[in-house]
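# Chain and residue survey
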Amino acid sequence: TGVQTFSTPIATGSVATMTATVAGGVPTPPNNTTTFLRGDATFAVPSLSSITASLSGDVALSDAGLYFDGPSVAQGVTGTWFASGNVTVLAAAAGDIFLIKMWDGTSVIDSTSVTYPGPNTPNRMVVHLRGKLANPGGNLRISAKCSSTSASILFDASGNGMDSTITAIRIA
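Predicted, not measured: the structure shown is a model, and the values here were computed from it.

What follows deals with the side chain of Q75. Along the chain, the position of Q75 falls in the loop between β5 (68–73) and β6 (80–90). At a separation of 2.9 Å, a polar atom in the side chain of Q75 contacts the main-chain carbonyl oxygen of G138. Among the polar contacts made by the side chain of Q75, one reaches the main-chain amide nitrogen of L140 at a distance of 3.0 Å. Apart from the residues lying within four places of it in its own chain, the contact partners of Q75 are I51, W81, P136, G138, N139 and L140.

Below you can see the structure in the form of structure tokens.
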């Protein structure tokens, strides 16, 4: 089965300790669990940087043929980024169709379509999108368009002011 078994336990004194160097560096102290070996043969402490932004006002979806930008972050154009976010949309009438995408202005990272079913359901819908993109061509954002010209992306339907938010985390 490929599984190796030992009839006697391995003595703790025989467990290897990291003492080798890579490009002249050794994690200090040996077996330090707060550093990792990077691809450039140096040791570093893991770190992630993130940016979060929320809408500060409602966005009217006033033209059925156009996407309107919701929340966006200015993360720069280098690195690999994981983005996660949501928008709360307000439908005007039964049958309103929303097309929603997360993108950098050129490349779509994630997208969906939602339809407001009608008057016996709340006319507010929350849509969540996420994905990753290397070297974005522009600001990461969530944009929406609707078949109705009276629909909106809401910023504060909950009273907490975070109803349409995006977060980007640099992962490489």
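Turning our attention to the pattern of salt bridges. A complete count under the given rule lists two salt bridges for this structure. Between R141 and D69 there is a salt bridge whose closest N-O contact spans 3.6 Å. Remark: D69 occurs in strand β5 and R141 occurs in strand β10 (residues 140–146); sequence separation between them is 72 residues. What makes R141 buried here is its relative accessible area of 15%. Between D110 and R130 there is a salt bridge whose closest N-O contact spans 3.2 Å. Remark: R130 occurs in strand β9 (residues 124–134) and D110 occurs in strand β8 (residues 108–115); sequence separation between them is 20 residues. Using a relative accessible area of 17% as the deciding quantity, one classes D110 as buried. The class of R130 is partly exposed, set by a relative accessible area of 44%.

Below, the discussion takes up the sheet that holds β8. Read across the open sheet, the four strands follow the order β5-β10-β7-β8; overall the sheet is antiparallel. Each edge of the sheet is formed by a strand with only one pairing partner; in this case those strands are β5 and β8. The average undirected angle you get between the axes of adjacent strands in this sheet is 15°. In this structure, strand β7 (residues 97–103) lies alongside β10, joined through six bridges in antiparallel fashion. Residue pairing across strands places W103 opposite R141, the latter belonging to β10.

Our next topic: the nonpolar core. Generally speaking, soluble globular proteins have nonpolar side chains that are buried together. If you look at the biggest cluster of nonpolar residues, it comprises 28 residues, and the most contacted ones within it are L61, F98, I100, L140 and I153. Secondary structure elements with two or more residues in this core: β4 (59–61), β5, β6, β7, β9, β10, β11 (151–154) and β12 (165–170). With residues up to four places along the chain from it excluded, the contact list for I100 reads V87, V89, D110, S111, T112, V114, V127, L129, I142, S143 and A144.

A few words on the side chain of S143. Secondary-structure assignment places S143 in strand β10. Judged by relative accessible area, which is 0%, S143 ranks as buried. Polar contacts involving the side chain of S143 include one to the side chain of D69, which spans 2.5 Å. Excluding residues within four positions of it along the chain, S143 makes contact with Y67, F68, D69, G70, L99, I100, K101 and W103.

The rules behind each value
Residues numbered from 1 in each chain as written. Predicted model: local features only at pLDDT ≥ 70, side-chain atom pairs only at ≥ 80, totals over all residues. Heavy atoms only, no water. Helix = DSSP H or I, 4+ residues; strand = E, 2+ residues; numbered from the N terminus. Polar contact = N/O pair within 3.5 Å; in protein donor to acceptor, adjacent residues only side chain to side chain. Contact = heavy atoms within 4.5 Å. Salt bridge = Lys/Arg side-chain N within 4 Å of Asp/Glu carboxyl O. Buried < 20%, exposed > 50% of the residue type's maximum accessible area, 1.4 Å probe, protein only. Pairing = 2+ DSSP bridges. Axes fitted to C-alpha atoms, helices over the stretch in contact; angles between N-to-C directions. Core = buried A, V, L, I, M, F, W, Y, C linked by side-chain atoms within 4.5 Å.

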